[in-house]
Amino acid sequence: MANLKKKAVIQTKYGAHEVILEKDTKGYAVWATNLPGVVTWGKTIKHAKEMAKEAIELCIRCLVEEELGSFSHKKQSKKTVAVGV
């Protein structure tokens, strides 16, 4: 059985994201082309797209929270130094 790959666009609350769907023996593997590490699977194309939407949204939410946490941490770590003149 040849692996069939298909591009699709998933609409999320964070915008549109391109994914690649690849048929395997039990369903469809799917990964986001612009978000490394976002890989999931579904029994049908519809299920794979639903799983991809959820994975993309979770990834982006985590990235935003991580960045905000990093920003907050940097902001709190500022120190004031008095310099005599």
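In case you missed it, the structure is sitting above this.
Figured I'd write up the structure that's included with this text. (Residues numbered from 1 in each chain as written. Predicted model: local features only at pLDDT ≥ 70, side-chain atom pairs only at ≥ 80, totals over all residues. Heavy atoms only, no water.)

### Comments concerning the overall build of the protein chain
Going by this rule: Think of it this way: any DSSP run of H or I at least four residues long counts as a helix, any run of E at least two long counts as a strand, and we number them from the N terminus. Two residues qualify as a contact provided that any one of their heavy atoms is within 4.5 Å of a heavy atom in the partner residue. Areas reported as accessible are Shrake-Rupley estimates using a 1.4 Å probe. Residue values count occlusion only from the protein chains shown.
Secondary structure assignment for the protein chain yields one helix and four strands. Starting at the N terminus and ending at the C terminus, the protein chain contains elements arranged as β-β-β-β-α. Of the contacts made within the protein chain by residues no fewer than 6 positions apart, 24% connect residues no fewer than 24 positions apart. Accessible area for the protein chain stands at about 6500 Å²; split by element, carbon and sulfur atoms hold 58% of it.

### Considering the state of the cysteines
Using the following cut-off: Any cysteine sulfur atom paired with another within 2.5 Å is treated as part of a disulfide.
Taken as a whole and judged by the stated rule, the model has zero disulfides. With no disulfide of its own, C59 lies 7.1 Å from the sulfur of C62, the closest cysteine sulfur.

### Considering the pairing of strand 1 (residues 5-12)
We apply this condition: Two strands make a pair as long as DSSP finds a minimum of two bridges between them.
Note that strand 1 and strand 2 (residues 15-23) share eight bridges and pair antiparallel. Across the sheet, residue V9 finds its bridge partner in strand 2, namely E18. In this antiparallel pair of consecutive strands, strand 1 and strand 2, the connection spans two residues.

### Quick word on the sheet that holds strand 2
As a reminder, the rule being used: Here the axes come from fitting lines to C-alpha atoms, over the contacting stretch only for helices, and the angles between their N-to-C directions go from 0 to 180 degrees.
Pairing is antiparallel in the open sheet, where four strands are placed in the order 1-2-3-4. At either margin of the open sheet sits one strand with a lone partner, and together these are strand 1 and strand 4 (39-42). The sheet shows a mean angle of 30° between the axes of neighbouring strands, direction not considered.

### Here we look at the nonpolar core
Inclusion rule: To define a nonpolar core, start from buried Ala, Val, Leu, Ile, Met, Phe, Trp, Tyr and Cys residues and group those joined through side-chain atoms within 4.5 Å. Exposure categories follow from relative accessible area, calculated using a 1.4 Å probe and restricted to protein chains: below 20% of the type maximum is buried, above 50% is exposed, and the middle band is partly exposed.
Core analysis: the largest hydrophobic core is formed by 13 residues, its most contacted members being V19, L21, V30, A32, L35 and I56. Of all the elements in the fold, those that place two or more residues in this core are strand 1, strand 2, strand 3 (28-32) and helix 1 (45-76). Broken down by element, this core gets its largest block of residues, four residues, from helix 1. Beyond its immediate stretch of four places on either side in the chain, V19 contacts K6, K7, A8, I10, V30, W31, A32, T33, A52 and I56.

### Things to note about the environment of K7
Looking at the element boundaries, K7 is found in strand 1. Residue K7 is classed as exposed on the basis of its relative accessible area of 59%. K7 sits 14 residues away from L21 along the chain, and the two C-alpha atoms are 6.2 Å apart. With residues up to four places along the chain from it excluded, the contact list for K7 reads E18, V19 and I20.

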